[in-house]
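Spelled out from the first residue to the last, the chains are:
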Amino acid sequence: MSNAGARRKAPTIHDVAREAGVSRGTVSRVLNGGHYVSPAAREAVDAAIKSTGYVVNRHARSLITGRSDSVGFLLTEPQERFFEDPNFNVLLRGCTQALAAYDIPLLLMLAGTQDERRRITRYITAGHVDGVLLVSSHSGDPVAEELRAAGVPLVACGKPIGQASKVSYVAADDRDGARDMVRFLHQSGRRRIATVTGPLDTPGGVDRLAGYREVLAELGITPDERLIEHGDYSRAGGEAAAERLLAAAPDLDAVFVASDLMAQGVLSALHKAGRRVPEDVAIGGFDDSPAALASSPELTTIRQPWDRIANEMVRVLLAQIGGEDPSAVILPTELIERRST
């Protein structure tokens, strides 16, 4: 019988060694970090891997190294938030691409309930991933502390409240971004500037509100608590907060909203109330997510450098997996002016 249609046998480590003209042990050392291998031998092995199409048997290697050669992307939010909020998808894509350069797969883990968090924490601490990229950690969420106590390499997106000195994190400068937006609205002639905050058990919620208050204080404006409403980073939450603001302070002429998705809800509430944007009320968002461009009018917003955040999260995590101590990275934001102001 013809073998034309037979499945081609996968290349082995022996094929790589023969192609490179080195021993099997040399190939193994290259695959496990390259210790005690000359540059010439490493180059020959790398070329042989490409020419043969050899793919590492991750299961076999994990039995030797004690590592899974995979990383978890853990979102401690209800599953619907993952599909509603475009920031999560942007960050997931960036982290996946950054890890692909190291041939490391990323496992998406959603843990929006206590039971889900318990199950996933058990899975992670059993060694099924080498480290975790933790997204949207609320104050009081035990996951970060449990993983840290178990010695699991961990990097949070955003500064973990109460654990900043213990957990590696990468964050945009939320406070400075909020300051830039409120200052911009004031310089544009707006005087009754309201805000819709994020959840105050998240670092973004706390720091963006702090930036808002700080600029008002610098301008000599006593904060009017009627101009502050709290949201939950959802479109519906933004709309409900805007309705409360309009009822309490109908003379507002600008709203700084702590996320673009919530800003879409604020726009909807203003439209229903007959307020024109930006003629009657200016709107400033935060994130520069796809929601900013999908809004009508398009949102003036604070851009978070999502690609840099993803790359830095991966870099810091891999360094920690390699034995380095926890570290923190804070990245600058940028104000993007569009038609909502």
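Below or above, wherever it landed, is the structure these notes cover.

Cut-offs used in this document
- Residues numbered from 1 in each chain as written.
- Predicted model: local features only at pLDDT ≥ 70, side-chain atom pairs only at ≥ 80, totals over all residues.
- Heavy atoms only, no water.
- Disulfide = S-S within 2.5 Å.
- 1 Å grid on protein atoms, 1.4 Å probe; cavity = no way out; pocket = protein on both sides within 12 Å on 5 of 7 lines; lining within 4 Å.
- Points joined across faces, edges and corners; volume = space filled by probe spheres on them.
- Helix = DSSP H or I, 4+ residues; strand = E, 2+ residues; numbered from the N terminus.
- Nonpolar A, V, L, I, M, F, W, Y, C, P; charged D, E, K, R; others polar.
- Domains from an automatic or database assignment.
- Buried < 20%, exposed > 50% of the residue type's maximum accessible area, 1.4 Å probe, protein only.
- Polar contact = N/O pair within 3.5 Å; in protein donor to acceptor, adjacent residues only side chain to side chain.
- Contact = heavy atoms within 4.5 Å.
- Expected span 1.5 Å × (residues − 1).
- Pairing = 2+ DSSP bridges.
- Axes fitted to C-alpha atoms, helices over the stretch in contact; angles between N-to-C directions.

1. Thoughts on the state of the cysteines
A complete count under the given rule lists zero disulfides for this structure. A disulfide-free cysteine, Cys-95 has its sulfur positioned 7.7 Å from the sulfur of Cys-157, the nearest such atom.

2. Let's talk about empty space enclosed by the protein
Enumeration according to the criterion identifies two cavities of 30 Å³ or more in this entry. Estimates place the volume of the largest cavity at around 440 Å³. What lines the largest cavity is a set of 29 residues, and nearest its centre among them are Ser-136, Cys-157, Arg-208, Tyr-233 and Trp-306. Those elements giving two or more residues to the lining of the largest cavity turn out to be helix 6 (86-100), strand 4 (154-157), strand 5 (168-172), helix 10 (203-218) and helix 14 (306-321). Its residues assigned to classes, the lining of the largest cavity comprises 14 nonpolar, eight polar and seven charged. Mapped onto the domain boundaries, the lining of the largest cavity takes at least three residues apiece from domain 2 (71-173 + 306-332) and domain 3 (174-303).

3. Quick notes on the side chain of Thr-300
Relative to the helices and strands, Thr-300 resides in the loop between helix 13 (290-294) and strand 10 (301-303). Looking at Thr-300, the relative accessible area reads 0%, which means it is buried. Engagement of the side chain of Thr-300 in a polar contact is seen with the side chain of Thr-341, the distance being 2.8 Å. The residues touching Thr-300, leaving out its near neighbours within four places in the chain, are Met-181, Phe-184, Ile-283, Gly-284, Gly-285, Leu-335, Ile-336, Glu-337, Arg-338, Arg-339, Ser-340 and Thr-341.

4. Overview of helix 14
Counted at 1.5 Å a residue, the expected span for helix 14 with its 16 residues is 22 Å, and the 22 Å between its end C-alpha atoms agrees. For helix 14, every residue scored as buried is listed here: Trp-306, Ile-309, Ala-310, Glu-312, Met-313, Val-314, Val-316, Leu-317, Ala-319, Gln-320 and Ile-321. Of the surrounding secondary structure, the elements contacted by the buried residues of helix 14 are strand 1 (71-75), helix 6, strand 3 (131-135), strand 4, strand 5 and strand 11 (328-331). Gly-323 occupies a position one or two residues after helix 14 and carries a positive phi of about 110°.

5. Structural notes on the sheet that holds strand 4
One open sheet accounts for six strands, arranged 2-1-3-4-5-11; its pairing is parallel. Whereas interior strands pair on both sides, the edge strands pair on one side only; in this sheet they are strand 2 (106-110) and strand 11. Strand-to-strand, the axes of this sheet are offset by a mean angle of 15°, without reference to chain direction. As paired strands, strand 3 and strand 4 are joined by four bridges and run parallel to one another. In the sheet register, Val-132 faces strand 4, and the bridge partner there is Leu-154. Contacting strand 1, strand 2 and strand 3, helix 7 (residues 114-128) crosses the sheet at an angle of about 155° to strand 2.

6. A look at the pairing of strand 4
A regular strand carries its side chains on alternate faces of the sheet. Bridge count between strand 4 and strand 5: three bridges; the pairing is parallel. When the bridges of strand 5 are listed, Val-155 appears paired with Ser-168.

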